[in-house]
Each structure stands twice: as C-alpha cells, then as structure tokens.
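Structure assessment
So the chains spell out like this:
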Amino acid sequence: MGKSCTSVLLAEMPGSNVVKCLQSGMVRWYFNNLMVTFLEVDFHTFSKSFQNIDFDVKSWQTEEGNRFVVINTCHQSIQFVIKECEHHRLSELFEKARTELEILQILNG
C-alpha cells in the first residue's frame with residue numbers, strides 16, 4: 001500500500017473533481033471513474049490547453065448528431081471522449097481548480 005495523502009478539494013462537479021495532494025504536490029483529476037495524476041505544472045498546461053479547444057472546429061459528429069472531442073492527456077494511453085456539454089462544464093471546473101491552486105500558493109508562501 002502507498003503512503004496516505006491529505007488532499008485538498010480544488011473544484012468539483014457531478015462525476016468529476018480536481019484535488020491536490022499536500023504531501024506530494026500532485027494534482028489529480030477524477031472523471032467518470034478514471035483518475036489522471038499530474039505534476040502541478042502539467043495540470044496547468046493540460047487544463048489551459050483543454051479550455052483553448054475550439055469545440056466547433058475540433059469536434060466530431062456521430063450519426064445521431066451528438067458532437068464530441070477526443071482529449072489526449074500527458075499519458076499516451078489515456079484519452080477522453082468529451083461531449084460538448086461536458087467540455088463547457090469541465091472548462092469551468094479547471095478554471096476554478098487553477099484559481100484554488102493560486103490561492104493555496106499565496107496562503108502557503
């Protein structure tokens with residue numbers, strides 16, 4: 001078993017949250033039963049890139065008319081299929097998480 005981690009909840013929405021482990025400094029994004037762990041700098045890069053996606057340009061359409069984008073992570077074998085409504089909600093989640101990380105950095109010096 002690994003070491004325990006005291007986590008701070010940075011942001012959450014139904015089916016997803018972002019936390020930071022205070023011991024390791026790692027940021028974890030949980031989404032639909034998957035969790036991706038980032039160095040904090042990598043989370044900033046990933047989340048900003050996610051928000052900069054032009055959904056109308058990068059999305060695919062299914063035969064049913066639903067649109068989605070495929071999101072690569074820093075882990076080559078992990079990709080997420082994100083629907084348009086999820087993209088908007090996750091963009092807000094990541095924005096809040098980055099703001100909370102800035103607040104933590106200010107508070108902890």
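Heads up: these notes are all about the structure in this document. (Residues numbered from 1 in each chain as written. Predicted model: local features only at pLDDT ≥ 70, side-chain atom pairs only at ≥ 80, totals over all residues. Heavy atoms only, no water.)

**Regarding the overall build of the protein**
Across its full length, the protein holds three helices and seven strands. In the protein, the succession of helices and strands from N to C terminus is β-β-β-β-α-α-β-β-β-α. Reported as C-alpha extents along the three principal axes, the dimensions of the protein are approximately 50 × 30 × 25 Å. Across the 109 residues that make up the protein, the buried fraction comes to 32%. Considering only contacts within the protein whose residues lie at least 6 apart along the sequence, 40% involve residues at least 24 apart. Roughly 7200 Å² of accessible area belongs to the protein as shown, and the carbon and sulfur atoms make up 51% of that amount. Charged side chains of the protein number 10 positive and 13 negative; the gap between the two group centres comes to 7 Å. (Helix = DSSP H or I, 4+ residues; strand = E, 2+ residues; numbered from the N terminus. Buried < 20%, exposed > 50% of the residue type's maximum accessible area, 1.4 Å probe, protein only. Contact = heavy atoms within 4.5 Å. Areas by Shrake-Rupley, 256 points an atom, 1.4 Å probe, with all protein chains shown as cover. Lys, Arg positive; Asp, Glu negative; His and termini not counted. Charge placed at Lys NZ, Arg CZ, Asp CG, Glu CD.)

**Observations regarding the pairing of strand β2 (residues 16–21)**
Judged by how many residues are buried, β2 sits mostly within the fold: five of six residues are covered. As judged from the six bridges shared by strand β1 (residues 7–13) and β2, these two strands associate in the antiparallel manner. Among the inter-strand pairings, Met 13 is bridged to a residue of β2, identified as Ser 16. Where β1 folds back on β2, the antiparallel hairpin that results is connected by two residues, among which Gly 15 adopts a positive phi of roughly 85°. Here five bridges tie β2 to strand β3 (residues 27–31), and the two strands are oriented antiparallel to one another. From the neighbouring strand, Asn 17 faces β3, where its bridge partner is Tyr 30. (Pairing = 2+ DSSP bridges.)

**A closer look at the state of the cysteines**
Per the counting criterion, the structure on display carries one disulfide. Here Cys 5 engages in a disulfide with Cys 21; their sulfurs sit 1.9 Å apart. Of this pair, Cys 5 sits in the segment before β1 while Cys 21 sits in strand β2, placing them 16 residues apart in sequence. Overall, Cys 21 belongs to the buried group, its relative accessible area being 3%. (Disulfide = S-S within 2.5 Å.)

**Here's the deal with the sheet that holds strand β7 (residues 79–83)**
A sheet is described by the order of its strands in space; here three strands give the open sequence β5-β6-β7, paired in antiparallel fashion. Of all the strands in the sheet, the pair left with one neighbour each is β5 (60–61) and β7. Sheet analysis places β5 next to strand β6 (residues 67–72), joined by two bridges and oriented antiparallel. Looking across to β6, one finds that Gln 61 is bridged to Arg 67.

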